[in-house]
Each structure stands twice: as structure tokens, then as C-alpha cells.
Amino acid sequence: ATQTRWKSFDELVLNFENPAQPAEVTTQNWQNAWAGAVGVERDFGPARTVRFGVMYEEDPANPAFSSPRVPGASRVWFAAGYSRDLSDRAELHLAASYTFTDTTPLNESAAYPENLFRGSVTGDTNIAGFVAGVGIDWRF
């Protein structure tokens, strides 16, 4: 279990080199969030290892300021990995993870001063992603 201290993520500010152009501000006001994970690792002989894990991460975003730029949502991660000794000096690693989020509403209001020229946006976000990796440890 871990806690991420998002409470200090108050806003995103983009400053421009042109002094006549005002800064672009996006209010966030995130809260601290918890995450928990559990995993297992199983050796299949001296040269092969398989790993599986799952993680849940709590949504830190303030729903009043959720935006398409930085959408917040609770996330679930599934991960798996495989390692195999190729020789006394080399080990191969394969890994994959899949993450998905809850459907989260967006309701950014033009009433906020920072949205005066952007306008309002409403909708839902639903995010999913897959990552795969390959690595080799080579011992000299």
C-alpha cells in the first residue's frame, strides 16, 4: 500500500515568452490518494520465473476541475512477467501490463475565469492502455 501526496498539485501553469500573452492556468486541486497492490512470483526450476500482480489506485482528481488535459480516474492494473536464464551470464525478461479506469465524467465550466476563452466542456473519459517490454540482463 502506498499513498501519493497529490494534495500539492493545485494547478498547471504555462508561461509564454511573449509578455503580452497571459499565462495558461488549469486548476487541479487534487487530493492525496491511496494505492494497493498484490503480486505472486513462482519459480519453475532454477532458470524460469513467472510473476503476476494486480494494483488498484484511487482517483486523486477533484471532480469539479477534471479536464481532458489531465483527467483523473481510479485505475486497475494487471501485470505479468516471465524471466528465463539464457546462460550463466544472460537472463531474458518479458513483461506486460494492462490498465483501465472507471468511466469518469468531465464537467469543466466556462464560469471559471481560466475557461473564459475556452468555454465549457462536458463528457466522459474512459482510459485503457497496454504496455509490453523485453529486457536482457548481461553479466560481465
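A. View of the environment of Gly-135. Relative to the assigned elements, Gly-135 resides in strand β10 (residues 128-138). Here the alpha-carbon distance between Gly-135 and Leu-94, two residues 41 residues apart in the chain, equals 6.6 Å.

B. The arrangement of the sheet that holds strand β7 (residues 90-101) in detail. Pairing is antiparallel across the open sheet formed by 6 strands, whose spatial order is β1-β4-β5-β6-β7-β10. Taken across any chain shown, the strands that pair with only one partner, and hence form the sheet edges, are β1 (2-4) and β10. Each neighbouring strand pair of the sheet contributes to a mean axis angle of 20 degrees, computed without reference to strand direction. Strand direction decides the pairing type here: strand β4 (residues 33-43) and strand β5 (residues 48-57), joined by 9 bridges, are antiparallel. Of the residues in β5, the one forming a bridge with Val-40 is Phe-52.

C. Summary view of the packing of aromatic side chains. This model, assessed by the stated rule, comprises 5 aromatic pairs. Seen from their ring centres, Trp-6 and Trp-30 are 4.8 Å apart, and the 70 degrees between their planes marks the pair as edge-to-face. With Trp-6 in the loop between β1 and β2 (11-14) and Trp-30 in the loop between β3 (24-27) and β4, this residue pair connects regions lying 24 residues apart in the sequence. Since its relative accessible area comes to 28%, Trp-6 is described here as partly exposed. When its relative accessible area of 7% is taken as the criterion, Trp-30 is described as buried. Their ring planes at 35 degrees and their centres at 5.8 Å tell us that Tyr-98 and Phe-100 sit as a pair that is tilted. You can call Phe-100 partly exposed: its relative accessible area is 30%. Taken together, the ring pairs connect Trp-6, Phe-9 and Trp-30 into an aromatic cluster.

D. Fine view of the pattern of salt bridges. Taken as a whole, this structure holds 2 salt bridges when the rule is applied. One salt bridge in this structure joins Glu-41 and Arg-51, with 2.9 Å as the shortest N-O distance. Pair noted here: Glu-41 is in strand β4 and Arg-51 is in strand β5, with a separation of 10 residues, a long-range link. On the accessibility criterion, Arg-51 (30% relative accessible area) is partly exposed. We note a salt bridge from Glu-57 to Arg-75, for which the minimum N-O separation is 3.0 Å. In this pair, Glu-57 sits in strand β5 while Arg-75 sits in strand β6 (residues 75-85), placing the two residues 18 residues apart along the sequence. The pair Glu-57 / Arg-75 is uniform in exposure class, with both members buried.

About the criteria used
Residues numbered from 1 in each chain as written. Predicted model: local features only at pLDDT ≥ 70, side-chain atom pairs only at ≥ 80, totals over all residues. Heavy atoms only, no water. Helix = DSSP H or I, 4+ residues; strand = E, 2+ residues; numbered from the N terminus. Pairing = 2+ DSSP bridges. Axes fitted to C-alpha atoms, helices over the stretch in contact; angles between N-to-C directions. Phe/Tyr/Trp six-rings, centres within 6.5 Å; stacked < 30°, edge-to-face > 60°. Buried < 20%, exposed > 50% of the residue type's maximum accessible area, 1.4 Å probe, protein only. Salt bridge = Lys/Arg side-chain N within 4 Å of Asp/Glu carboxyl O.

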